Amino acid sequence: MKMRYGFAVVLLAQAAVAAPGVIFVDPDHLRQSALRLCAREYPTDFTMQGACRRNFEAGASSYDKIAERYAHVPEMQLALHQCIRDYSDGSYIDYAMLGACARNQEQGYLEMRR
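The structure presented is a predicted model; accordingly, all values stated were derived computationally and were not measured.

S.K.: Can you break down the overall build of the protein residue by residue, with the values?
M.R.: Looking only at helices and strands, the protein has five helices and two strands in total. Sequence-ordered secondary structure for the protein, helices as α and strands as β, is β-α-β-α-α-α-α. When burial is assessed residue by residue, the protein has 39% of its 114 residues classed as buried. Across the protein, the fraction of contacts at a sequence separation of at least 24, relative to all contacts at a separation of at least 6, is 60%.

S.K.: Requested: an account of the state of the cysteines, with residues and values cited.
M.R.: Applying the stated criterion to the full structure yields two disulfides. Here Cys-38 pairs with Cys-52 through a disulfide, and the sulfurs are 2.0 Å apart. An S-S torsion of about -75° defines the bridge between Cys-38 and Cys-52 as left-handed. You can see Cys-38 sitting in helix α2 (residues 27–41) and its partner Cys-52 sitting in helix α3 (residues 46–69), a full 14 residues away along the chain. Covalently, Cys-83 is tied to Cys-101 through a disulfide, its sulfur atoms 2.0 Å apart. Since a negative S-S torsion denotes a left-handed disulfide, the Cys-83-Cys-101 link at about -75° is left-handed. Of this pair, Cys-83 sits in helix α4 (residues 74–86) while Cys-101 sits in helix α5 (residues 95–112); the two residues are 18 residues apart in sequence, bridging distant segments of the chain.

About the thresholds
Residues numbered from 1 in each chain as written. Predicted model: local features only at pLDDT ≥ 70, side-chain atom pairs only at ≥ 80, totals over all residues. Heavy atoms only, no water. Helix = DSSP H or I, 4+ residues; strand = E, 2+ residues; numbered from the N terminus. Buried < 20%, exposed > 50% of the residue type's maximum accessible area, 1.4 Å probe, protein only. Contact = heavy atoms within 4.5 Å. Disulfide = S-S within 2.5 Å.

And the structure:
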């Protein structure tokens, strides 16, 4: 099952996910989150807002690649869903942190499989 990410975060936060589907980043939600969260974090520093947005885009790209790579690994899907819950406020997602979480989960998963 392939879903685009947007308001699904509210459903994920409320649901106990036993066999999660793959969730990919919705580009519109990424833009909305970056605009809102970066402007809130750096209200008067447009250079930092730009860097923040680039970090969001890089994090979203990392997350999507990892989600695709582990689409058929239920343990990793559960871990990635937890990353979404951890870095969401119910409306917006910190995609920079989501990407870092996904990379950390992948590294841990690979270490445990050795």
